[in-house]
Amino acid sequence: MPYDVLLRNGHLTDPVNNRDEVCDVAIENGRVAAVGQDLGPAREEMDVAGLHVLPGLIDTHVHLSSWLGGAAGHRMLALAGVTTAFDMAGPVDSVMELAATHGTGLTIACIDYVRPGHTVGTTNPHMDELRDHLVRARRSGAVGLKVLGGHFPLTAEATARTIALCAAEGAHVALHAGTLDTPQDMRGMREAIELAEGHPLHLPHVNAYVRGTQDHILMETLEAVRLLEAAPNVWSESYLAPFNGNSAKCANGVPESVATQRNLLKGGFEPTLSGMEASILAGWAHVHMAVDGQNVLATGEAARLAWKEAETDIGCSFHVNPPEARINLAVTKRANGRFAVDALATDGGGIPRNDLCDRGLALVALNALTLSEFVVKTSAEPARMMALPSKGHLGIGADADITIIDLCRRRAVSSFGGGRPILRDGRVIGRGATVLSSREAHPRLNAMGLDVVFVEPFQFRPCHGPTWQNDTKGEATLQTR
Ligand SMILES: [Zn+2]
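Everything numeric in this text was worked out from a predicted model, so none of it was measured.

Attention shifts here to the domain arrangement of the protein chain. Domain annotation of the protein chain identifies domain 1 (3-55 + 388-480), domain 2 (57-240 + 322-385) and domain 3 (243-320). Placing the centre of domain 1 and that of domain 3 at their C-alpha centroids yields a distance of 37 Å.

Set out below in structure tokens:
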């Protein structure tokens, strides 16, 4: 029987299965059927000589809702070579809607925000209210909750309650550091780890807390590494882009987000509607403007018009991430050899900074990461955190989630999700989406046309539990230590 697809003569880099060599990869029924030399025949053959074949890239921090990121996110992720992505805010209903209407073949998961005035009543929601929200979010397809501390902070007590609730219910939980009384800098990071009280916590974009506002930036970077090393319950990611991602939406004459207000002040602008406008014209606030089905960073008059047209409800970015933190947090290791920050993510999706290949492979070019280490941080480790034993590697029987890259150009060329093409020679051809979600959301998501992979409670959590093990046949599985 011929295979469905045969990738010929690519350089396979699969650290979970200890492979780093030129060979063929055969795909059948959506899975890896064979890896080696002289495989075949196949109904379709792709000559990928000169290219690198990697386990599909998993971006553990993206935005794919109409609130943040927008409809273009699926296409932007596909172009960036990503095959699985984790939406870090919701709102979950919007994420599912856009996945159904704008999917490009990715596997996605989503956590829903705990936002005063939107999903909870106040900045100090009590346990019952938080529990009701988690039940609702899971029914809609979310795998857990996100506290948006830096943007829409809760009290420290409510933040801790959310983390404890998700621990008890076996749900994922992420905290953008910061509470009502503590800003999202090193003070916010210290507080976040304290508030977790040893429970599993996903600490997103660690680099966003390390901006040299409290101490020399290298001292802050070292402190961040030490904090993570001392907190094995915390799973973390950081990103490499110099630009952050905020909302430019204003209400009652001021930007809604605390982070946006702070970044306007940082650039020397008033934290108001007119300050926002002036900063767009001056080139400080970069508006996320739609051009040819993608969002790009824009300034000046065209950007101001796009912002006005959207009635200010549009994303914006500021150049606020210093390189010392971005680069060191991506490459630094703990004493035990593991990375200090578990994964390299982008905080991208519809936010224009899907740079796993562009900037991540620049670290490989610098010999700051090996290509195997790049795969660990962008596929193997994310798959482990998301409890996806059939992703993150390309052993026999693994999902045929594959990203084929041009290492010299630092770009994804082609990709597959479950054996189906997502990106082919730089063109997006994938459709639909597969959602990792709770069992109770299945009928609803299915009716929307989405494929569903069940996630049981306690399965998809930000912890360091299971590790990759290779059995005697060389097949990779996730084992609990
Ligand atoms: Zn984010």
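Let's pick the thread back up.
A four-donor tetrahedral metal ideally has 109.5 degree angles, and a six-donor octahedral metal ideally has angles of 90 or 180 degrees. Protein coordination at the zinc ion comes from His61 (NE2), His63 (NE2) and Asp347 (OD), with a distance range of 2.0 to 2.2 Å. Sequence spacing among the residues donating to the zinc ion works out to H-x1-H-x283-D. For the pair formed by His61 and His63, the shared burial category is buried.

Moving on, we come to the sheet that holds strand β16 (residues 286-291). Read from one edge of the open sheet, 4 strands run β13-β18-β16-β17, paired in antiparallel fashion. Where the open sheet ends on each side, the last strands, each with one partner, are β13 (246-247) and β17 (294-298). Where β16 and β17 come together, 5 bridges link them in antiparallel fashion. Each residue of the ladder has a partner; that of Met289, found in β17, is Val296.

Okay, the pairing of strand β22 (residues 411-417) next. A large share of β22 lies buried, amounting to 6 of its 7 residues. As paired elements, strand β21 (residues 402-406) and β22 share 5 bridges and run antiparallel to each other. Across the sheet, residue Ile404 finds its bridge partner in β22, namely Ser414. Two successive antiparallel strands, β21 and β22, enclose a turn made up of 4 residues, where Arg410 displays a positive phi of approximately 55°. Relative to strand β23 (residues 420-424), β22 runs antiparallel, the two sharing 3 bridges. Its bridge partner lying in β23, Phe416 is registered against Pro421. Here β22 folds back onto β23, and the loop between the two strands holds 2 residues, one of which, Gly418, carries a positive phi near 55°.

Here we take up the pattern of salt bridges. Taken as a whole, this structure holds 27 salt bridges when the rule is applied. Across the pair Arg8 and Glu45 runs a salt bridge whose closest N-O atoms are separated by 2.7 Å. With Arg8 in strand β1 (residues 3-14) and Glu45 in strand β4 (residues 42-47), the pair connects residues that are 37 residues apart, well separated along the chain. Since its relative accessible area comes to 24%, Arg8 is described here as partly exposed. According to the relative accessible area criterion, Glu45 is partly exposed, its value standing at 40%.

This paragraph deals with the packing of aromatic side chains. Within this structure, the stated rule accounts for 4 aromatic pairs. On the basis of an interplanar angle of 45° and a centroid distance of 5.8 Å, the ring pair of Trp284 and Phe318 is categorised as tilted. Residue Trp284 is found in the loop between α8 (273-282) and β16, and its partner Phe318 is found in the loop between β18 (315-317) and α10 (323-331); the two are separated by 34 residues along the sequence. Here Trp284 matches Phe318 in class, with each residue buried. In textbook terms, an aromatic cluster arises when at least three aromatic residues are bridged by ring pairs, as seen for Trp67, Tyr113 and Phe152.

Let's shift gears to α8. Every buried residue of α8 is listed here: Gly275, Met276, Ser279 and Ile280. Down the axis of α8, the smallest arc covering the buried residues is 135°, so these residues share one side. The exposed residues of α8 that point more than 90 degrees off its buried face are Ser274 and Ala282. Elements that come into contact with the buried residues of α8 comprise β14 (250-251), α7 (258-266), β16, α9 (300-309) and β18. Just beyond α8, the residue with positive phi is Gly283, at close to 90°.

A separate point is unusual backbone geometry. Most peptide bonds take the trans configuration, and most residues that are not glycine carry a negative phi. Residue Pro91 follows Gly90 across a cis peptide bond; omega there is 0°. Residue placement: Pro91 occurs in the loop between β7 (82-87) and α2 (92-102). We note that Asn367 has phi near 60°; this positive angle belongs to a residue other than glycine. Within the element layout of this structure, Asn367 appears in the loop between α11 (360-365) and α12 (371-385).

Here the focus is the nonpolar core. In terms of nonpolar packing, the biggest core is built from 77 residues, with Met96, Met189, Leu203, Val206, Leu329 and Phe374 touching the most fellow members. Looking at which domains feed residues into this core, each of domain 1 (3-55 + 388-480) and domain 2 (57-240 + 322-385) gives three or more. Not counting the four nearest positions on each side in its chain, Val206 is found in contact with Met189, Ala224, Leu228, Ser236, Glu237, Ser238, Leu329 and Val341. Counting residues in each nonpolar core, the second largest holds 19 residues, with Ile27, Val35, Ala398 and Ile404 among its members.

Cut-off values and rules
- Residues numbered from 1 in each chain as written.
- Predicted model: local features only at pLDDT ≥ 70, side-chain atom pairs only at ≥ 80, totals over all residues.
- Heavy atoms only, no water.
- Domains from an automatic or database assignment.
- Donors = N, O, S within 2.8 Å, 3.2 Å for Na, K, Ca; no water.
- Buried < 20%, exposed > 50% of the residue type's maximum accessible area, 1.4 Å probe, protein only.
- Pairing = 2+ DSSP bridges.
- Helix = DSSP H or I, 4+ residues; strand = E, 2+ residues; numbered from the N terminus.
- Salt bridge = Lys/Arg side-chain N within 4 Å of Asp/Glu carboxyl O.
- Phe/Tyr/Trp six-rings, centres within 6.5 Å; stacked < 30°, edge-to-face > 60°.
- Arc of directions from axis to C-beta.
- Contact = heavy atoms within 4.5 Å.
- Core = buried A, V, L, I, M, F, W, Y, C linked by side-chain atoms within 4.5 Å.

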